[in-house]
Amino acid sequence: MIYIKSAQEIEMIRRSGRLASLTLDYVGSIIKVGQTTKELDKLTHDFIVGHKATPATLGYKGFPGSCCVSINEEVVHAIPGPRVIQEGDIVKVDVTTILDGFFGDTARTFLMEPVSSQARHLVETTRKSMYLAIQTVRHGSRVGDIGAAIQGCVEKEGFSVVQNFVGHGVGIKFHELPNIPHYGKAGTGFRLKNGMVFTIEPMINAGDWRVKILADNWTAVTQDGQLSAQFEHTLAVTPEGCEILTLS
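Keep in mind that what you see is a predicted model, and the values were worked out from it rather than measured.

Caption draft 1: Focus on the layout of surface pockets. Put simply, the largest pocket is a space of about 430 Å³. Looking at the largest pocket, it is lined by 21 residues, and the ones nearest its centre are Tyr60, His77, Phe174, His175 and Trp218. If you list the elements that add at least two residues to the lining of the largest pocket, you get strand 4 (90-99) and strand 7 (167-169). The residue inventory of the lining of the largest pocket, partitioned by class, reads 9 nonpolar, 7 polar and 5 charged.

If you want it as structure tokens, here you go:
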């Protein structure tokens, strides 16, 4: 069942979401060329814990990191480790905080300048597709409107939507219903209702949409080795539209 959140619960998710976004602001200020993804993870961990919260990914189904740090062809869920961030990389950092028992989930792609024109265009298109999708969300709209907005935006630019992973309900648990595909047909699927809280988190590939999972059983990479970008917000459906809960 899809759990409809009360105004008080949405406020608690908003507090956690703001911290998650503040964490990514911090990441943006300290991420640098020459840093390992493990070093970045440690700094992120300390920031979250220093704000009296818990990194949700740490220990989740055995995941060993306090955030996911995915570079270039790594689509999502890359385990922090010895990989060194280099000039020209695009680095996806996905953070989920638990604050007073409530979850906030958000992700951004950072550009390690100078980057190629293709990488910049991919990242900008991915961000744009997420906000176009958010604009479709309101009480009574359909879940297919979200996917159609994303798919229409990115395919027009020659990119593709990863279909293996979806947005999801969030708030009281890390992953809840509903599932939110990032591709689809407008006017189809279930209707959104006031009080639903979920993520929109498009993963967009420069080449083919297909991915494969590495031997660590977590890291998803593009099958063709081309770049992938991601952005994510947690939002609440309102009668007038929606509210982004992961704003710092």
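Caption draft 2: Focus on the sheet that holds strand 12 (residues 220-222). One open sheet holds the 3 strands; their spatial order is 3-12-11, and the pairing between them is antiparallel. Both edges of this open sheet fall to strand 3 (74-76) and strand 11 (211-213), since each of them pairs with a single strand only. When strand polarity is set aside, the average angle formed by the axes of neighbouring strands in this sheet is 40°. Direction of pairing for strand 11 relative to strand 12: antiparallel, over a ladder of 3 bridges. Paired with Ile213 across the bridge in strand 12 is Ala220.

Caption draft 3: Structural view of the packing of helix 1 (residues 7-30) against helix 2 (residues 37-50). Relative orientation of the contacting elements helix 1 and helix 2 amounts to 140°, with a least axis distance of 10 Å. In terms of axis orientation, helix 1 runs oblique to helix 2. In terms of crossing hand, the pair formed by helix 1 and helix 2 is right-handed. Residue-level contacts link Leu19, Leu22, Thr23, Tyr26, Val27 and Ile30 of helix 1 to Leu40, Leu43, Thr44, Phe47 and Ile48 of helix 2. Partitioning the contact of helix 1 with helix 2 into residue classes produces 9 nonpolar, 2 polar and no charged.

Caption draft 4: Main features of the packing of aromatic side chains. Inspection of every chain in the model, using the stated rule, returns 4 aromatic pairs. Measuring from ring centre to ring centre gives 4.5 Å for Tyr26 and Phe47, while their planes differ by 10°; the resulting arrangement is stacked. Taken together, the residues span a long stretch of sequence, with Tyr26 in helix 1 and Phe47 in helix 2 at a distance of 21 residues. Note on Tyr26: relative accessible area 23%, which makes it partly exposed. With a centroid separation of 5.0 Å and 80° between ring planes, the pair formed by Phe63 and Trp218 is classed as edge-to-face. Linking Phe63 in the loop between strand 1 (54-55) and strand 2 (68-71) with Trp218 in the loop between strand 11 and strand 12, this pair joins segments that are 155 residues apart in sequence. A network of ring pairs unites the aromatic residues Tyr60, Phe103 and Phe174 as a single cluster.

Caption draft 5: The sheet that holds strand 6 (residues 160-161), seen in detail. The strand order 6-10-13 describes an open sheet built from 3 strands, whose pairing is antiparallel. Edge strands, defined here as strands with exactly one partner in the open sheet, are strand 6 and strand 13 (228-230). Looking at chain direction, strand 6 and strand 10 (residues 203-205) are connected through 2 bridges and run antiparallel. Along strand 10, the bridge assignment pairs Ser160 with Asn205. The sheet strands contacting helix 3 (residues 117-135) are strand 10 and strand 13, and the helix crosses strand 13 at an angle near 35°.

Caption draft 6: Representation of the packing of helix 3 against helix 4 (residues 143-156) within the structure. One can describe the packing of helix 3 onto helix 4 by two numbers: an axis separation of 8 Å at closest approach and a directional angle of 150°. The angle between helix 3 and helix 4 places the two elements in the roughly antiparallel class. In the packing of helix 3 onto helix 4, the handedness of the crossing is right-handed. Packed against helix 3, whose contacting residues are Thr125, Lys128, Ser129, Leu132 and Ala133, the element helix 4 presents Ile146, Ala149, Ile150, Cys153 and Val154 at the interface. A breakdown of the residues in the contact of helix 3 with helix 4 according to their chemical character gives 7 nonpolar, 2 polar and 1 charged.

Caption draft 7: Fine view of the pattern of salt bridges. Taken as a whole, this structure holds 10 salt bridges when the rule is applied. Lys42 is the salt-bridge partner of Asp46, the closest N and O atoms lying 2.7 Å from each other. You can see Asp46 and its partner Lys42 sitting in helix 2, 4 residues apart, about one turn around the helix. Overall, the relative accessible area of 37% leaves Asp46 in the partly exposed class. The residue Glu73 makes a salt bridge to Arg83 at a minimum N-O spacing of 3.2 Å.

Here is what the cut-offs are and how they apply
- Residues numbered from 1 in each chain as written.
- Predicted model: local features only at pLDDT ≥ 70, side-chain atom pairs only at ≥ 80, totals over all residues.
- Heavy atoms only, no water.
- 1 Å grid on protein atoms, 1.4 Å probe; cavity = no way out; pocket = protein on both sides within 12 Å on 5 of 7 lines; lining within 4 Å.
- Points joined across faces, edges and corners; volume = space filled by probe spheres on them.
- Helix = DSSP H or I, 4+ residues; strand = E, 2+ residues; numbered from the N terminus.
- Nonpolar A, V, L, I, M, F, W, Y, C, P; charged D, E, K, R; others polar.
- Pairing = 2+ DSSP bridges.
- Axes fitted to C-alpha atoms, helices over the stretch in contact; angles between N-to-C directions.
- Parallel < 35°, antiparallel > 145°, perpendicular 65-115°, else oblique.
- Left-handed = near helix turned anticlockwise from the far one by under 90°.
- Contact = heavy atoms within 4.5 Å.
- Phe/Tyr/Trp six-rings, centres within 6.5 Å; stacked < 30°, edge-to-face > 60°.
- Buried < 20%, exposed > 50% of the residue type's maximum accessible area, 1.4 Å probe, protein only.
- Salt bridge = Lys/Arg side-chain N within 4 Å of Asp/Glu carboxyl O.

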